[in-house]
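Descriptive structure summary
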Amino acid sequence: VKKIKVYFSEENMERFYDSVSPPEEDHTPCRITVNNGVNVEGTMRVRGNTSRRYPKKNFTLRIKEGMHEGNYALMHEDFTWLKNRIVMYAYNHFMYKGEALVPAPETEAVALYINDKYIGYYAKVDMYSQEQLEAWKSGFMSELFKIELLGYEENPLRSNSERKFPDNDDFSSLETLIVNTNYMSDAQWNEWVESHIDVDNFIRYMVVHDFFAVGDTANWNYYLYNYGKMVFLPWDNELGM
């Protein structure tokens, strides 16, 4: 188990804990060591709305490693961090025609320390990046949405879902998906799906999702990636099993 040690100055420590209140995008500067290695620069923030209500919180950690910036989620959710790791492992390591069932972030167990105080075990999960996904698939369109869909007739979705990249407010492809889901005839839907949805990938996603009875993605906590065809990508799976 890797040790991640995060160090804040006194001023930044106060700012970090203040960031438990929105805006959650407020990343606080810190120094980070992994397994007692070299100190590197980074930032950290509390992530998500649910975890803000609990003593042990989820975090987003950015680590600057030379020219590269690693972007990670440290996932907790009481006693469920291992479940998330197991489900993500299933997506990544069971093969279909020599490829992972569904592209999913790598995860590993870490022990987190803040200013030398032990915080606990976490699942460290790589965040999806545009470079990572475009290396996997390339096409005429490349966009990523983080989905929070509170009602299937809700349109537009800007107030709840997030457009991760490109960095603008164009939700048109996501809205088209929702409208077509609601209003197309069966024949129209079947034809549209064949052209716009990566059906094989969706089936493989659902096989793992349903096998582990993931209970946290009915309305949110998954990604939709559009590379010309749409693909569901897994995220929070800690309510599996």
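Below, the structure is looked at part by part.

Basis of the calculations
- Residues numbered from 1 in each chain as written.
- Predicted model: local features only at pLDDT ≥ 70, side-chain atom pairs only at ≥ 80, totals over all residues.
- Heavy atoms only, no water.
- Core = buried A, V, L, I, M, F, W, Y, C linked by side-chain atoms within 4.5 Å.
- Buried < 20%, exposed > 50% of the residue type's maximum accessible area, 1.4 Å probe, protein only.
- Helix = DSSP H or I, 4+ residues; strand = E, 2+ residues; numbered from the N terminus.
- Pairing = 2+ DSSP bridges.
- Axes fitted to C-alpha atoms, helices over the stretch in contact; angles between N-to-C directions.
- Contact = heavy atoms within 4.5 Å.
- Patch = residues over 30% accessible without salt bridge, like charges linked within 9 Å, V, L, I, M, F, W, Y side chains within 5 Å.
- Areas by Shrake-Rupley, 256 points an atom, 1.4 Å probe, with all protein chains shown as cover.
- Salt bridge = Lys/Arg side-chain N within 4 Å of Asp/Glu carboxyl O.
- Expected span 1.5 Å × (residues − 1).
- Phe/Tyr/Trp six-rings, centres within 6.5 Å; stacked < 30°, edge-to-face > 60°.
- Lys NZ or Arg CZ within 6 Å of the ring centre and 35° of its normal.

Next up on the list: the nonpolar core. Soluble globular proteins: nonpolar side chains tend toward being buried together. Core analysis: the biggest nonpolar cluster contains 41 residues, and Y91, Y128, L144, L233 and W235 have the highest contact counts within it. If one sorts the elements of this core by residue count, helix α2 (residues 81–93) sits on top with 5 residues.

We now examine the sheet that holds strand β2 (residues 28–34). Strand pairs in the sheet, formed through backbone hydrogen bonds, run parallel or antiparallel to each other. Spatially, β1-β2-β3-β4-β5-β9-β8 is the arrangement adopted by the 7 strands of the closed barrel, whose pairing is mixed. Going across the sheet, the axis of each strand differs from the next one's by a mean of 40°, ignoring polarity. Two strands pair when backbone bridges link them, and strand β5 (residues 68–75) and strand β9 (residues 117–126) are joined in this way by 4 bridges, in the antiparallel orientation. In the sheet register, M75 faces β9, and the bridge partner there is A123. On top of the sheet, helix α1 (residues 10–18) reaches β2, β3 (40–46), β4 (59–65) and β8 (107–114); it is set at about 105° to β2, its chief contact. Taken strand by strand, α2 contacts β5, β8 and β9, and its axis lies near 20° from that of β9.

Where nonpolar side chains cluster on the molecular surface, the patch consists of V1, Y118 and Y121 and spans about 320 Å² of accessible area. Note that V1 resides in the segment before β1 (2–7).

Burial within strand β13 (residues 230–234) is extensive, with 4 of its 5 residues counted as buried. In terms of strand pairing, strand β12 (residues 220–226) meets β13 through 5 bridges, oriented antiparallel. The residue bridging L224 from the neighbouring strand is F232, located in β13. Linking two consecutive strands that pair antiparallel, namely β12 and β13, is a turn of 3 residues; a positive phi of about 115° is found at G228 within it.

For α2, built from 13 residues, the straight-helix expectation of 18 Å at 1.5 Å per residue is met to within 8% by its first-to-last C-alpha distance of 18 Å. For α2, the set of buried residues is W81, N84, V87, M88, A90, Y91 and N92.

As for its position among the elements, Y121 is in strand β9. Sequence spacing of Y121 and K3 is 118 residues, and the spatial spacing of their C-alpha atoms is 9.4 Å. With residues up to four places along the chain from it excluded, the contact list for Y121 reads V1, K56, H76, W81 and V110.

What the rule picks out here adds up to 18 aromatic pairs. The interplanar angle of 85° and the centroid separation of 5.7 Å between the aromatic rings of Y223 and W235 together place this pair among those described as edge-to-face. Taken together, the positions of Y223 in strand β12 and W235 in the segment after β13 put the pair 12 residues apart, joining distant regions of the chain. A single burial state applies to Y223 and to W235, both of which are buried. Clustering of aromatic rings is evident, with ring pairs tying together Y91, F202, Y205, Y222 and F232. In this structure, K56 is placed above the aromatic ring of Y122, and the distance from its NZ or CZ to the ring centre is 5.0 Å. Here the basic side chain of K146 rests over the ring of Y223, its NZ or CZ set 5.7 Å away from the ring centre.

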